[in-house]
2 protein chains.
Amino acid sequence: MPYQDGKFGCPVDVGLSMISGKWKPRIIYELLQQTRRFGELHRLIPEVSRHVLTTQLRELEESDIVSRTVYPSSPPKVEYALTEFGKRIAPILEQMIELGEHYIAKQNQGERNE
Amino acid sequence: MPYQDGKFGCPVDVGLSMISGKWKPRIIYELLQQTRRFGELHRLIPEVSRHVLTTQLRELEESDIVSRTVYPSSPPKVEYALTEFGKRIAPILEQMIELGEHYIAKQNQGERNE
DNA sequence: CCGTATCCGGGCAGATACTG
DNA sequence: CAGTATCTGCCCGGATACGG
């Protein structure tokens, strides 16, 4: 089964890039609780600038993970929500955390042996 | 359930970074078939330079995904294999492919509507 | 055969200022 | 309120040369 059959390798990168982005997991986490307005997201994640927050949201929208709804009112109101597809990503993020926990555990183990 | 409880958000990044790297999924894929020597890996993935291949392998080793065994012979012989932990990553990569396929499908859909 | 040492370029994210 | 426009800095991955 060579690489070209597409099961692994390069094909992985597409999916990986969809959730790779400094604030994307965090944004998905917040939207998993409930739909949020732009300003709400910014208050929930104050470490990120509005510029970058916008960029990450646009990329998530392009990946069909997040939906963006504009209410033409004054003042303007924009709501971000997870799509049905986006909600399916939650278990994947939990698995990522498990990977990380394994790494942390191994680090602590190594420190004890010094 | 605030962000600080560690279920999502920043904690995801640790696990994500363990498999994020231009050649890491590809390397894992190759090692999933069988243990390989350095030169074999390089022949299987000729697009990557030895320098970068070394770097990625070192990082995978640091993450306990890959094990490195040196046989002190002449000429030198070094074997890379997936750890038990590394083998558990396969299903995660398959899920990444599913994410990518969803994106590709959506792209094609959009093109038809132009 | 299996690397290390150095240098370099592009892309992502951050800071800051401005706008419908 | 919810963005855009512009500039900047840093880190990863790549190219090349050298070493045990």
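This structure is a prediction, so every number in the text was calculated from the model and none was measured. (Residues numbered from 1 in each chain as written. Chains lettered and ligands numbered in written order. Predicted model: local features only at pLDDT ≥ 70, side-chain atom pairs only at ≥ 80, totals over all residues. Heavy atoms only, no water.)

**Some points on the overall build of chain A**
Now for step 1: Of regular secondary structure, chain A possesses six helices and three strands.
Now for step 2: Helices and strands appear in chain A in the N-to-C order α-α-β-α-α-β-β-α-α.
Now for step 3: When burial is assessed residue by residue, chain A has 39% of its 114 residues classed as buried.
Now for step 4: Residue pairs at least 24 apart in sequence account for 44% of intrachain contacts in chain A once pairs closer than 6 positions are excluded. (Helix = DSSP H or I, 4+ residues; strand = E, 2+ residues; numbered from the N terminus. Buried < 20%, exposed > 50% of the residue type's maximum accessible area, 1.4 Å probe, protein only. Contact = heavy atoms within 4.5 Å.)

**Some thoughts on the packing of aromatic side chains**
Residue and element names in this part refer to chain A.
Now for step 1: Under the defined criterion, the tally for this structure stands at two aromatic pairs over all chains.
Now for step 2: On the numbers, 6.5 Å between centres and 50° between planes, the contact of Phe-38 with Tyr-80 is tilted. Residue Phe-38 is located in helix α3 (residues 38-44), and its partner Tyr-80 is located in strand β3 (residues 77-82); the two are separated by 42 residues in the primary sequence.
Now for step 3: Taking NZ or CZ as reference, Lys-77 lies 5.2 Å from the ring centre of Tyr-71, over its face. (Phe/Tyr/Trp six-rings, centres within 6.5 Å; stacked < 30°, edge-to-face > 60°. Lys NZ or Arg CZ within 6 Å of the ring centre and 35° of its normal.)

**A closer look at the protein's contact with DNA strand C**
Now for step 1: The environment of DNA strand C is formed by 20 residues, the closest being Trp-23 of chain A together with Gly-39, Arg-50, Arg-68 and Tyr-80 of chain B.
Now for step 2: Per the 4 Å cut-off to the protein, sugar and phosphate atoms form 71% of the nearby atoms of DNA strand C.
Now for step 3: Within the side chain of Lys-22 of chain A, one N or O atom sits 3.0 Å away from a phosphate oxygen of DNA strand C.
Now for step 4: Where the surface near DNA strand C is concerned, the elements lending two or more residues are α4 (50-62) of chain A together with α3 (38-44), α4 (50-62) and β3 (77-82) of chain B.
Now for step 5: A breakdown of the residues in the surface near DNA strand C according to their chemical character gives eight nonpolar, six polar and six charged. (Near = heavy atom within 4 Å. Polar contact = N/O pair within 3.5 Å; in protein donor to acceptor, adjacent residues only side chain to side chain. Nonpolar A, V, L, I, M, F, W, Y, C, P; charged D, E, K, R; others polar.)

**Here's the deal with the nonpolar core**
Now for step 1: Grouped together as the largest cluster of nonpolar side chains are 55 residues, with contacts concentrated most on Ile-19, Ile-65 and Met-96 of chain A together with Ile-19, Ile-65 and Met-96 of chain B.
Now for step 2: The residues contacting Met-96 of chain B, other than those within four sequence positions of it, are Val-12, Gly-15, Leu-16, Ile-19, Ile-92 and Met-96 of chain A. (Core = buried A, V, L, I, M, F, W, Y, C linked by side-chain atoms within 4.5 Å.)

**Some words on the interface of chain A and chain B**
It is common to give the size of an interface as the accessible area that goes away when the parts come together.
Now for step 1: With 43 residues of chain A at the interface, the matching set in chain B holds 43 residues.
Now for step 2: When chain A packs against chain B, close to 4,000 Å² is buried across both sides, 70% of that on carbon and sulfur atoms.
Now for step 3: Counting across the chain A and chain B interface gives zero salt bridges.
Now for step 4: Applying the counting criterion to the chain A and chain B interface returns six residue pairs in polar contact (both at pLDDT 80 or more).
Now for step 5: Elements with a minimum of two residues in the side of chain A that touches chain B: α1 (10-19), α2 (24-33), α4 and α6 (90-112) of chain A.
Now for step 6: With 13 residues, the single largest contributor to the side of chain A that touches chain B is α6 of chain A.
Now for step 7: Class assignment for the residues of the side of chain A that touches chain B results in 22 nonpolar, 10 polar and 11 charged. (Buried area = accessible area lost by both parts, 1.4 Å probe. Salt bridge = Lys/Arg side-chain N within 4 Å of Asp/Glu carboxyl O.)

**Some details on the protein's contact with DNA strand D**
Now for step 1: The immediate surroundings of DNA strand D are formed by 21 residues, with Gly-39, Arg-50 and Arg-68 of chain A together with Lys-22 and Trp-23 of chain B found nearest.
Now for step 2: Considering DNA strand D, the proportion of its atoms within 4 Å of the protein that are sugar or phosphate atoms stands at 71%.
Now for step 3: Taking Arg-68 of chain A, its side chain carries an N or O atom lying 2.5 Å from a phosphate oxygen of DNA strand D.
Now for step 4: Between DNA strand D and the protein, one listed contact pairs a phosphate oxygen with a side-chain N or O atom of Trp-23 of chain B at 2.7 Å.
Now for step 5: Those elements that place two or more of their residues in the surface near DNA strand D are α3, α4 and β3 of chain A together with α4 of chain B.
Now for step 6: Looking at side-chain class alone, the surface near DNA strand D contains eight nonpolar, six polar and seven charged residues.

**A short note on the side chain of Ser-63 of chain B**
Now for step 1: Mapped onto the secondary structure, Ser-63 of chain B falls in the loop between α4 and β2 (66-71).
Now for step 2: By relative accessible area, Ser-63 of chain B is classed as buried at 6%.
Now for step 3: Here Ser-63 of chain B is in contact with Tyr-103 of chain A together with Met-18 and Phe-85 of chain B, once residues within four sequence places are set aside.

**Topic: the relation of the copies chain A and chain B**
Now for step 1: You can overlay chain A on chain B at an RMSD of 0.0 Å; the transform is a turn of 180° with a shift of 0.0 Å along its axis. Overall, the copies show the geometry of a two-fold rotation axis. Ranked by how close their C-alpha atoms come to the rotation axis, the residues of chain A are headed by Ile-92 of chain A, at 3.7 Å.
Now for step 2: Here 100% of the interface residues in chain A have copies in chain B that are interface residues too; the copies meet face to matching face. (Least-squares fit on C-alpha atoms with pLDDT ≥ 70 in both.)

Any functional reading would require information beyond the geometric quantities listed.
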